[in-house]
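The lines below spell out each chain.
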Amino acid sequence: MSKYIFAVYNDEDVLMQNIKPLRSQGVRIKEVFSPFPIHGMDHLIGHKRTRIAICSFIYGAIGCLLAIWMTQYMMIADWPMDIGGKPSFAYYKNVPAFVPIIFESAVFCAAHGMVLTFYLRSKTLPGVTAFVPDKRMTDDRFIMQVECNDASKKADLTNLLLKHGAEEVKEYGK
Amino acid sequence: MKNYTITKNNKILSFGLIAFGVVGIAYGFATDPTRTWASLLQSNFFLLAIALCGLFFYTFQFAAEAGWAAGILRVPLAMAQFLPHACVALLLIFIFGHHDLYHWTHAELYDKNSPHFDEILYGKKAFLNIPFFVIRLILYGIIWAGSAVLLRKYALEEDRVGGTENYWKTSKLSHVFLVLFAITSSTGAWDILMSVDAHWFSTLFGWYIFSGLFVTGLTVMGILTIYLKRNGYFPKVNENHIHDIGKYMFAFSIFWTYLWFSQFMLIWYANLPEEVAYYALRQEPELRPIFILNFVINFTIPFLVLMSRDSKRKENTVLVAGALMIIGHWLDVWLIVMPGIMGTHAHIGIIEIGATCFFAGLFLYVFFNSMSKTAVVPENHPMIEESYHFYL
């Protein structure tokens, strides 16, 4: 497993400006923690675009099919219902009545699936200890997580980060 | 400051469309005047809606103090310049064609001794009578076209002197217009379109028409923006701006579907004869294919094509989806107007296409003409820098 050190910044503009020069000097930035979302940050630190939209589509499609099956079984097959005074008992003739259910089910599955996927992917399921390199990251500091596998180069890397606007460089939790 | 120059092709396109339209309309009046009036009303409303959406888009950018679109704001503004023409045409269509278009204008319906006496329409007489209707049409004309002309004046003034004074003037007028638009978009929809089926009513109709108007206008705006960009007038408009227009198109297509379905489902479910008549007619075997096609094009195409981020950022997919959506929403207006007047004898032929071409040609000419008189990019707009650096 990779080892990391954490550079603390007190201004997001300073942090943003220094990411490019740091990366061009071979510094590998794993993540940036900040008290609020910083627009364009994921792009700057080289994160790939999230694929959660694709998951969302798949979950939505599953929810849609689930509700189609459910309405067909409940309202047509198992206990045929006379819908709106139109006792046709055919699915395709009654489908307008089921569309709201299908829609809601698709939204329900997409939303919950997405939240669960997000939790799993970012390892923040309930009960899991949160990854907090520095408590001030929820207040007024911006923390950059930098890969540092070679202990001999740690001093160099620390100096480089300090030269590029970091307030201090520290290890996890200390 | 760069102005648009009308190219020869623009002129050929606009005048060609107008010429083809005149032929179609002349043929229509010679063969079937009622059908021609109906298609004139439908086409005029279709293009009026596009121009109105241009004005709506322009004003709410100011009301929201949005910066991303500052660079392309002259496109909706130029679209809105069609409003004076469209409003006058609408008034003329009503004055000369009301007997064919609107059943409620027939005097014998209100005569208690006449065999044609219509109790329902008699009850609606306070609202649906010719003098009040004409007053309302003129009022819409003043509000819509007046705002469009005034806003253009401020824009020209901004090009000339710079500063923020005209920005705030525009902003103030935008707020006033938006409030008036909220009312007139609904009442206009009742007057111009819903009163074609004067016995029928739907409380959702105003919103339904507004959503269709908004989608069509945004699509036309997107297509015109891409056209101008490809001709080198928008060097700083990039895929982020196209992405945002694509998002608008996608979102409001879903909104249109939502309202279309909400209106349809409640009427279908309740199955009340006076409400269901509207859909029963449009579900006759002659019209059913178009009824289904309308829903499929206007929902499925934008939903599937414009859903992913990548497709919204590519000009070509936006163009293809946009072209189909324009056809779809043309069918939507067609389905509202034509069966209401012609019953199951409503067709799509040279008359309908000609009438639309006539107004489309006029619209394009007015658009290009207006574009050539204001700067293409409002360089004195206070948020222009923000628009250049827009990132999505």
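Keep in mind that this is a model prediction, so the values were computed, not measured.

1. A look at the overall build of chain B
Helix and strand counts for chain B come out as 15 helices and zero strands. For 392 residues, the compact-globule estimate of 2.2 N^0.38 gives 21 Å, and chain B sits close to it at 21 Å. Overall size of chain B, expressed as C-alpha extent along the three principal axes, is 70 × 40 × 40 Å.

2. A few points about the overall build of chain A
Along the backbone of chain A there are five helices and four strands. Ordered by position in the sequence, the α and β elements of chain A form the string β-α-β-α-α-α-β-α-β. For 174 residues, the compact-globule formula gives about 16 Å, and the C-alpha radius of gyration of chain A, at 25 Å, lies well above that figure. Seen through its C-alpha atoms, chain A measures out along the principal axes to roughly 80 × 30 × 30 Å. Here chain A holds 174 residues, and the buried ones make up 17% of them. A separation threshold of at least 6 residues defines the contact pool for chain A, and within that pool the share at least 24 residues apart is 79%.

3. Description of the interface of chain B and chain A
If you look at the interface, chain B gives seven residues, while chain A gives seven residues. Within the side of chain B that touches chain A, the residues separate by chemical class into six nonpolar, one polar and no charged.

4. Some remarks on helix H9 (residues 239-270) of chain B
The end-to-end C-alpha separation of H9 of chain B is 46 Å, in line with the 46 Å expected for 32 residues at 1.5 Å each. Turning to H9 of chain B, its buried residues are His241, Ile242, Ile245, Gly246, Tyr248, Met249, Phe250, Phe252, Ser253, Trp256, Phe264 and Ile267 of chain B. Residues of H9 of chain B that are buried make contact with helix H4 (91-121) of chain A together with helix H8 (205-230), helix H10 (273-282), helix H11 (288-305), helix H12 (309-313) and helix H13 (315-342) of chain B.

5. Quick look at the domain arrangement of chain A
Often, the extent of an interface is quoted as the loss of accessible area on bringing the components together. Domain annotation for chain A reports domain 1 (4-47 + 131-170) and domain 2 (52-121). Taking only C-alpha atoms, the centre of domain 1 of chain A and the centre of domain 2 of chain A are 45 Å apart.

6. Some thoughts on the packing of helix H1 (residues 8-31) of chain B against helix H14 (residues 350-371) of chain B
Residues and elements named next belong to chain B. Look at H1 against H14: their axes get within 7 Å of each other, and the N-to-C directions meet at 150°. By the angle between their axes, H1 is roughly antiparallel relative to H14. The two elements H1 and H14 meet at a crossing, and its hand is left-handed. The residue inventory of the contact of H1 with H14, partitioned by class, reads 20 nonpolar, seven polar and no charged.

7. Considering unusual backbone geometry
The residue Lys123 of chain A is not glycine, and still its phi comes out positive at about 50°. By the secondary structure assignment, Lys123 of chain A is in the loop between H4 and strand S3 (142-147). Of note, the phi angle at Glu65 of chain B is positive, near 50°, even though the residue is not glycine. Within the secondary structure, Glu65 of chain B sits in the loop between helix H2 (33-63) and helix H3 (74-80). Residue Glu65 of chain B is classed as exposed on the basis of its C-beta count, with 10 C-beta atoms lying within 10 Å.

8. Thoughts on the pairing of S3 of chain A
Residues and elements named next belong to chain A. With five of six residues buried, S3 lies mostly within the body of the structure. In this sheet, S3 lies alongside strand S1 (residues 4-9) in antiparallel orientation, the contact comprising six bridges. Among the inter-strand pairings, Ala7 is bridged to a residue of S3, identified as Met144. Bridging between strand S2 (residues 29-33) and S3 involves four bridges; their strand directions are antiparallel.

9. Some words on the environment of His381 of chain B
Residue and element names in this part refer to chain B. Mapped onto the secondary structure, His381 falls in the loop between H14 and helix H15 (384-388). Residues His381 and Ile25, 356 residues apart in the sequence, show an inter-C-alpha distance of 42 Å. In contact with His381, other than residues within four places in its own chain, are Ala70, Leu73, Glu158 and Tyr167.

10. Some points on the nonpolar core
Ranked by size, the top nonpolar core spans 110 residues in total, and within it Ala51, Leu83 and Phe363 of chain B carry the most contacts. With 17 residues, H2 of chain B is the single largest residue contributor to this core. Ignoring any residue separated from it by four or fewer positions in sequence, one finds Leu83 of chain B in contact with Ala51, Leu52, Leu55, Trp144, Ala145 and Ala148 of chain B. Listed in part, the 15 residues of the second largest apolar core include Ala7, Leu15, Val32 and Leu161 of chain A.

11. Quick word on the sheet that holds S1 of chain A
Residues and elements named next belong to chain A. Strand order across the open sheet formed by four strands is S2-S3-S1-S4, with antiparallel pairing between neighbours. In this open sheet, the two edge strands, each paired with only one partner strand, are S2 and strand S4 (168-170). The average undirected angle you get between the axes of adjacent strands in this sheet is 20°. In terms of strand pairing, S1 meets S4 through three bridges, oriented antiparallel. Paired with Val8 across the two strands is Glu168, which belongs to S4. Taken strand by strand, helix H1 (residues 12-24) contacts S1, S2 and S3, and its axis lies near 15° from that of S3.

12. Description of the packing of helix H3 (residues 52-78) of chain A against H4 of chain A
Residue and element names in this part refer to chain A. As a packed pair, H3 and H4 sit with axes 6 Å apart at the nearest point and diverge in direction by 140°. Accordingly, the angle class assigned to the pair H3 and H4 is oblique. Read as a crossing pair, H3 and H4 show a hand that is right-handed. Residues belonging to the contact of H3 with H4 are distributed by class as follows: 20 nonpolar, nine polar and no charged.

13. Considerations on the environment of Ala346 of chain B
All names here are of chain B. Checked against the element boundaries, Ala346 lands in the loop between H13 and H14. On the neighbour-count criterion, Ala346 (24 C-beta atoms within 10 Å) is buried. Taking the C-alpha atoms as reference points, Ala346 and Leu335, separated by 11 residues in sequence, lie 8.9 Å from one another. Not counting chain neighbours up to four residues away, the residues in contact with Ala346 comprise Leu287, Met338 and Pro339.

14. Topic: the environment of Phe133 of chain B
Residues and elements named next belong to chain B. When you line up the elements, Phe133 lands in helix H6 (residues 130-161). Residue classification places Phe133 among the partly exposed positions, given that 19 C-beta atoms sit within 10 Å. Setting aside its immediate chain neighbours within four residues, Phe133 contacts Leu128 and Asp191.

Conventions used here
Residues numbered from 1 in each chain as written. Chains lettered and ligands numbered in written order. Predicted model: local features only at pLDDT ≥ 70, side-chain atom pairs only at ≥ 80, totals over all residues. Helix = DSSP H or I, 4+ residues; strand = E, 2+ residues; numbered from the N terminus. Rg over C-alpha atoms; globule rule 2.2 N^0.38 Å. Buried ≥ 20, exposed ≤ 12 C-beta atoms within 10 Å, placed from the backbone. Contact = placed C-beta atoms within 7 Å. Nonpolar A, V, L, I, M, F, W, Y, C, P; charged D, E, K, R; others polar. Expected span 1.5 Å × (residues − 1). Domains from an automatic or database assignment. Axes fitted to C-alpha atoms, helices over the stretch in contact; angles between N-to-C directions. Parallel < 35°, antiparallel > 145°, perpendicular 65-115°, else oblique. Left-handed = near helix turned anticlockwise from the far one by under 90°. Pairing = 2+ DSSP bridges. Core = buried A, V, L, I, M, F, W, Y, C linked by C-beta atoms within 7 Å.

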